[in-house]
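Analysis of the macromolecular model
Spelled out, the chains give:
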Amino acid sequence: MNARVGKSSDISHSLGYAQNHEKDGRILFANFTDLSASPEEQAQDWMATANDYKTQCYTIIISFTPEETAMLRSLPDNGRDKVRTIIRDFLEELSQRGNDVSECPYIVARHDNTDNEHYHIVIRTTDVNGKRFCDKFINKNANRAAACIAMKYGLETARKAAEREKAHQEAEGKRRKDKTARQHKSSATQSQIDEKMRRKRAVEEAQKRKATLKYLIEKAAIGTTDFVGALAADGLTLFTDPKKGLCVKMTDTDGKERSYSLQKDLGIDMSIIPPVSITPPGTSQSPATKVTASSTMNKPSQSSPLKPKSQIPGTANIKDNPSGSSRNAEYEIRDGKGTDDPDEEWERRNGYKM
């Protein structure tokens, strides 16, 4: 079995020659082609949607040796089913090597007017999507694909083609083996698998817990008048956090205490939360603090504004002395109070007669 590739600029001639009745030409199978139509009608249908390429179609002739022809003709129906399988495998191998014919109209016609049974494959160079058929290295790929299929089914093939195909298969096998070796990862130990599954379950449980809390809080906020009491009935306690705002606290089944921010952690719309009175932790005798959703979202700054020195008790409003002295008798501090009475030291330094 071997393959010979040709090209044609005349679709009508190629289809007509493949189905030439003088050569006992009959279509074995086809792709995107009406088998009930005449070669002329098939050619018109192909040319109606073909692009204006110089090469309108490719022809591939698959031929068998006299011994192979005798073997095929000894099979039922002259070995049509066997040949159909062989040529389908050949076209699939050709497609895998870069010349994909699956989207192209084509016919496979049988000629048995010679001792060497052969088949004409006519492939249109415009596929059904209007794109050009990729014909890169089609001669080399067709020869090697034929050698590959011949070795698969125990058929004869050209010696050089067989040698090249064996070398190609060895090179491809080595390349795949090297790629697998580079991408190989050592198997995880059982402890690593258990830890991975534990983390996965923990994430799923946390998501389920948050969804349950959100449902309970939104249900209490919308459906009851006693919001805090409804949460307490479900084992939930509200409190405020300086950074997260209004939060809820719960005790898990394993006794672990967990807390979540209503807005940041649970994603609750704070506009539905009614004003609540919350007693700060550790101050049971202190009056409860009324908290609203808006107050938790827009908390004022905790730091008090700086006061000028004149507003601080026990501090006088001191002005700079042009003479460089930091003290002025008129604004001198005495026992935390300012005075306008000059003392003896001031009079002495400023030249007053004593």
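Remember, it's a predicted structure, so these values are computed and weren't measured experimentally.

Cut-offs applied
Residues numbered from 1 in each chain as written. Predicted model: local features only at pLDDT ≥ 70, side-chain atom pairs only at ≥ 80, totals over all residues. Heavy atoms only, no water. Helix = DSSP H or I, 4+ residues; strand = E, 2+ residues; numbered from the N terminus. Buried < 20%, exposed > 50% of the residue type's maximum accessible area, 1.4 Å probe, protein only. Contact = heavy atoms within 4.5 Å. Salt bridge = Lys/Arg side-chain N within 4 Å of Asp/Glu carboxyl O. Axes fitted to C-alpha atoms, helices over the stretch in contact; angles between N-to-C directions. Parallel < 35°, antiparallel > 145°, perpendicular 65-115°, else oblique. Nonpolar A, V, L, I, M, F, W, Y, C, P; charged D, E, K, R; others polar. Pairing = 2+ DSSP bridges. pLDDT = per-residue confidence, 0-100.

1. A look at the environment of P66
Along the chain, P66 falls in helix α3 (residues 66–73). The class for P66 is partly exposed, based on a relative accessible area of 41%. Linking P66 and E117, residues 51 residues apart in sequence, is a C-alpha distance of 7.6 Å. The contacts of P66, once residues within four sequence positions are left out, are D115 and N116.

2. Section: the pattern of salt bridges
The full count for this structure, using the stated rule, is 19 salt bridges. Close ionic contact of R84 with D81 constitutes a salt bridge, the shortest N to O distance being 2.9 Å. Of this pair, R84 and D81 both sit in helix α4 (residues 80–96), three residues apart, roughly one helical turn. Residue classification places R84 among the partly exposed positions, given a relative accessible area of 23%. By relative accessible area, which is 54% here, D81 ends up exposed. The shortest N-O distance in the salt bridge between E195 and R198 comes to 2.7 Å. Note that E195 and R198 are positioned in helix α7 (residues 190–223) at a spacing of three residues, about one turn of the helix. Each of the salt bridges in this network shares a partner with another, and the network as a whole consists of R73, R110, D112 and E117.

3. Structural notes on the packing of helix α5 (residues 138–153) against helix α6 (residues 159–183)
In contact at an axis separation of 9 Å, α5 and α6 are set at 85° when each is read in the N-to-C sense. In terms of orientation, α5 lies roughly perpendicular with respect to α6. Touching R144, A147, C148 and M151 of α5 are A161, A162, R164, E165, K166, H168 and Q169, all from α6. Of the residues assigned to the contact of α5 with α6, the class counts are five nonpolar, two polar and four charged.

4. Comments concerning the sheet that holds strand β4 (residues 106–111)
The sheet built from five strands is open, its strands ordered β1-β3-β5-β4-β2 with antiparallel pairing. With one partner strand each, in any of the chains shown, β1 (2–8) and β2 (26–31) form the two edges of the open sheet. Pairwise comparison of adjacent strand axes, ignoring direction, gives a mean angle of 20° for this sheet. Bridge count between β2 and β4: five bridges; the pairing is antiparallel. By the bridge assignment, F29 is partnered in β4 with V108. With respect to the sheet, helix α2 (residues 39–48) is in contact with β2, β4 and β5 (118–124), its orientation differing from that of β5 by roughly 35°. Taken strand by strand, α4 contacts β1, β2, β3 (57–63), β4 and β5, and its axis lies near 40° from that of β2.

5. Structural notes on the confidence of the model for the protein chain
Taken over all residues, the pLDDT of the protein chain has a mean of 83, while the share at 70 or more is 77%. Across residues 283–287, where pLDDT falls below 50, the model places three contacts with residues more than four positions away in sequence or in other chains.

6. With respect to the sheet that holds strand β6 (residues 237–241)
Taken in spatial order, the three strands line up as β6-β7-β8 in an open sheet, and their pairing is antiparallel. Across the chains shown, the open sheet's two edge strands, defined by having one partner strand only, are β6 and β8 (257–261). For this sheet, the mean angle separating the axes of adjacent strands, direction not counted, is 35°. Across five bridges, strand β7 (residues 245–251) lies against β8 in antiparallel orientation. Opposite V248, over in β8, you have Y260 as the bridge partner. On the sheet, α7 packs against β7 and β8 and is oriented at approximately 65° with respect to β8.

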